[in-house]
Amino acid sequence: MNDNKTITSILDDSLFIGEISKVKGNYCEVAVSKSTTTRKFTFHGDRYNLSLVKSFVLVVSNFSYFLARINSIEVPDKDRFNLSRQSSDSTQQLLKCILITELDPITFTPEKELLSYPIIRSKVYVADKRIINKFTENLEFTRNSGARTQHLGNMVESGAPINVSFQSLFERHLAIVGSTGSGKSNTAGRLIEELSYSGQRSIIIDPTGEYSNIVDSFNNAIKLTIGEDAFVPVHLLSKLDLVNIFLPSERAQLPKLMAAINSLKTVKALQNDSTVSNLKEFQQYGFSTGELIRTNKDFEPLKSYQASHNIEDLPFDITQLPKQIQNECYYESAFQRQNAPEPTKFGGLDQTTYANCSTLISRIGQYLSDPNFNQVFRAQEDTHGNIKNVAPLFQYIDAFLKDRHEILYINLSKLPEIGKLKEVIVDIISRRFLDAAMDGCFSAPHRPVVMFIDEAHRYLEKVTTNDFDVFTLDSVANVAKEGRKKGLYLCIITQSPKEIPQVILGQIGSVIAHRLTNDREKQTVLSILPANSSFDDQLPFLTPGTAIFSSNYLITSILIKFFQSKANILSSAPKFLKKYSKFIS
């Protein structure tokens, strides 16, 4: 684009609009003497409509060229009251524009930053489509040599193709926001598809199951549903995980919960140890029934056994947990009639301690009464007593970490709505992957990973409470803060950005904002968009599939119409029929 003929054509008189009348920072005003802004015409085969706000204009200042976007069209204050008396041709108009970038005077490629500004009376032209295409081809500040770009959609204003690299999308984490029906699920689905087509890796945490069809279209994927074909081994949960699930009070209940778990692991060890299982001195503890009873029993055999055996990694039967917590409510030593301590036996039931633990026992019992809860933490048996075809969650994760699969899809739709169970499971998964990232699983020579979390506002730094103590689920926040340095990138998808903690928003470098109508939600998104995005007023009116795309790695924010995902995203609500033939009983 550096020949004189091209320069002459893009500065053709038919493209002339007016002259710069004011410059203030990145903003400028263009004085239009005629009704130029209402003209529609064809130039070099391309159609132009000068009445469109957000259209691009070319500013020529001496030998410098600038690309700007029309932000508003106004009439000067002095002429507003005389509009009805003036013809449209004689009405002066002002275009208020935002300067986007300076263009190289030879190639017309955009410069990476705005170092100079146009002067007063600089001439302004409609931006030729070739200028706009050159701009969109060089939209990113930097692009790694050889990096593949993805054609995600087209610019709304001009139809120019938008091609960006994964680095610009995900390197500083990505947030996809929008109200229900705005197209955010389709956008996320499209990105997942593009990652897979390019041989990149992704993790999908899906609370509703709406992305399952995407995974079905790829062979190199691991697909699981927790509570159906995968369970979470309760003995592998950390102390914090158990606290967040069962919510014990820190002083009175937490020690008894951990003691009960330790006792149930001892039961498993005794049941599997043929050398002691038939000895009378161990049978007194009742472990054959699945519990461990200490009250008024000899403590020396049990204490010696626990001291000499490593039971930390053993599984335990979670269904026995309420009863075992009750068994832990005992006096440390027995008392004879003379009120002297009996040194060889545990004491009897401590009613005070039991009363303090009663709410915890009741809560766990209520959880366990839900069959779906049991399916989350235990391998289930079929009607014939055979273990169903399920595997521990961490076994699936470990298989993915071997770098042979491109998608790990985790469906949470079968999790019961009990307490903060879903939030805790997401926290567990996120911590597992952050640990893997810190161990170098996603750094060179391994491939990086993008972790998609749908309905993310439900999981980020959520707080659990038992009315006495407060616990924070912060693993997703830690991924946002620490993961990208180790090749673990985050894509959060949410309809409620205002519920995303500020510490997370501060880590987000790219935003795809679909339609938002709630004022608080809009303000949250606008707070992380560049100040000169010029799309502030359009968020409530974006059509489905259209979004504002902004990134630290882009020269400016753009309005993009995303392509449709190839898979059918299961996010639509049931449809009303025109007429039902009969009532369904």
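Higher on the page you've got the structure.
First, a word on what this report is: a plain description of the structure on this page. This one's a predicted model, so the numbers in the text were calculated from it and none came from an experiment. (Residues numbered from 1 in each chain as written. Predicted model: local features only at pLDDT ≥ 70, side-chain atom pairs only at ≥ 80, totals over all residues. Heavy atoms only, no water.)

What follows concerns the overall build of the protein chain. Regarding its fold elements, the protein chain presents 17 helices and 25 strands. Counting all 585 residues of the protein chain, 52% fall into the buried class. The long-range fraction of contacts in the protein chain, counting pairs at least 24 apart against all pairs at least 6 apart in sequence, stands at 71%. A total of about 27,500 Å² of accessible surface is found on the protein chain, and carbon and sulfur atoms cover 49% of it. (Helix = DSSP H or I, 4+ residues; strand = E, 2+ residues; numbered from the N terminus. Buried < 20%, exposed > 50% of the residue type's maximum accessible area, 1.4 Å probe, protein only. Contact = heavy atoms within 4.5 Å. Areas by Shrake-Rupley, 256 points an atom, 1.4 Å probe, with all protein chains shown as cover.)

As for its placement among the helices and strands, Lys184 is situated in helix α4 (residues 184-197). Accessibility expressed as a relative area gives 9% for Lys184, which makes it buried. Between the C-alpha atoms of Lys184 and Asp454, which are 270 residues apart in sequence, the distance is 9.9 Å. Contact partners of Lys184, with chain neighbours within four places excluded, come to Ile176, Val177, Gly178, Ser179, Ile493, Thr494, Gln495 and His514. At a separation of 3.5 Å, a polar atom in the side chain of Lys184 contacts the main-chain carbonyl oxygen of Ser179. (Polar contact = N/O pair within 3.5 Å; in protein donor to acceptor, adjacent residues only side chain to side chain.)

All right, on to unusual backbone geometry then. Residue Pro445 is bonded to the preceding Ala444 through a cis peptide linkage, with omega at 10°. For Pro445, the position within the fold is in the loop between α14 (421-438) and β19 (449-454). With phi around 65°, Phe108 is a residue other than glycine that occupies positive phi space. You can see Phe108 is positioned in the loop between β7 (93-103) and β8 (123-126). At Glu455, a residue that is not glycine, the phi angle is positive and equals roughly 55°. Within the secondary structure, Glu455 is located in the loop between β19 and β20 (462-465).

A separate point is the nonpolar core. The biggest cluster of nonpolar side chains holds 85 residues, and the ones touching the most others in it are Ile226, Phe246, Leu321, Phe373, Phe377, Ile425 and Phe433. At 10 residues, the largest contribution of residues to this core is made by α14. Here Ile226 is in contact with Val232, Val376, Leu393, Ile410, Asn411, Leu412, Lys414, Leu415, Ile425 and Ile429, once residues within four sequence places are set aside. Listed in part, the 69 residues of the second largest apolar core include Leu95, Ile162, Leu191 and Ile558. (Core = buried A, V, L, I, M, F, W, Y, C linked by side-chain atoms within 4.5 Å.)

To continue, consider helix α6 (residues 239-246). Among the eight residues in α6, six count as buried, and that is most of the element. Just downstream of α6 lies Leu247, where phi reads positive at about 55°.

This part covers the side chain of Ser550. Structurally, Ser550 can be placed in strand β24 (residues 546-551). Classification of Ser550 by relative accessible area gives buried; the value is 5%. A polar contact is formed between the side chain of Ser550 and the side chain of Ser557, at a distance of 3.3 Å.

An order of β1-β2-β7-β6-β5-β8 is seen for the six strands of this closed barrel, with the pairing classed as antiparallel. The sheet shows a mean angle of 40° between the axes of neighbouring strands, taken without regard to direction. Two elements, strand β2 (residues 27-32) and β7, share six bridges in a ladder whose sense is antiparallel. The partner of Ala31 across the bridge, within β7, is Leu94. Those strands touched by helix α2 (residues 129-137) are β5 (56-61), β6 (64-74) and β7, and its axis lies near 50° from that of β7. (Pairing = 2+ DSSP bridges. Axes fitted to C-alpha atoms, helices over the stretch in contact; angles between N-to-C directions.)

Turning to the packing of aromatic side chains, a few remarks are in order. Applying the stated criterion across every chain, the model contains 13 aromatic pairs. With a centroid separation of 5.4 Å and an interplanar angle of 50°, the aromatic rings of Tyr197 and Phe218 are classed as tilted. Residue Tyr197 is found in helix α4, and its partner Phe218 is found in the loop between α5 (212-216) and β13 (221-225); the two are separated by 21 residues along the sequence. A residue is classified by how much of its surface remains accessible, and Tyr197, at 38% relative accessible area, is partly exposed. For Phe218, a relative accessible area of 14% gives the class buried. Following the ring pairs from residue to residue traces out a cluster consisting of Phe166, Phe170 and Phe452. Of note, Arg201 hangs over the ring of Phe400, and the distance from its end group to the ring centre comes to 4.1 Å. A cation over an aromatic ring shows up here: Lys256 above the ring of Tyr330, its NZ or CZ 5.6 Å from the ring centre. (Phe/Tyr/Trp six-rings, centres within 6.5 Å; stacked < 30°, edge-to-face > 60°. Lys NZ or Arg CZ within 6 Å of the ring centre and 35° of its normal.)

Looking at the secondary structure, you find Ala355 in helix α11 (residues 351-368). Along the primary structure Ala355 and Gln326 are separated by 29 residues, whereas in three dimensions their C-alpha atoms are 9.5 Å apart.

Under the counting rule described, the total for this entry stands at two cavities of 30 Å³ or more. Counted as a void, the largest cavity has a volume near 40 Å³. Contributing to the lining of the largest cavity are Ala175, Val177, Ile492, Thr494, Pro497, Ile500, Leu505, Thr524, Val525 and Ile528. Elements with a contribution of two residues or more to the lining of the largest cavity: β11 (174-177), β22 (488-494) and α17 (519-526). Taken as a whole, the second largest cavity spans an internal volume of roughly 30 Å³. Residue lining of the second largest cavity: Asn244, Ile245, Tyr367, Phe373, Ile418, Lys420 and Leu421, and that is the complete set. Partitioning the lining of the second largest cavity into residue classes produces five nonpolar, one polar and one charged. (1 Å grid on protein atoms, 1.4 Å probe; cavity = no way out; pocket = protein on both sides within 12 Å on 5 of 7 lines; lining within 4 Å. Points joined across faces, edges and corners; volume = space filled by probe spheres on them. Nonpolar A, V, L, I, M, F, W, Y, C, P; charged D, E, K, R; others polar.)

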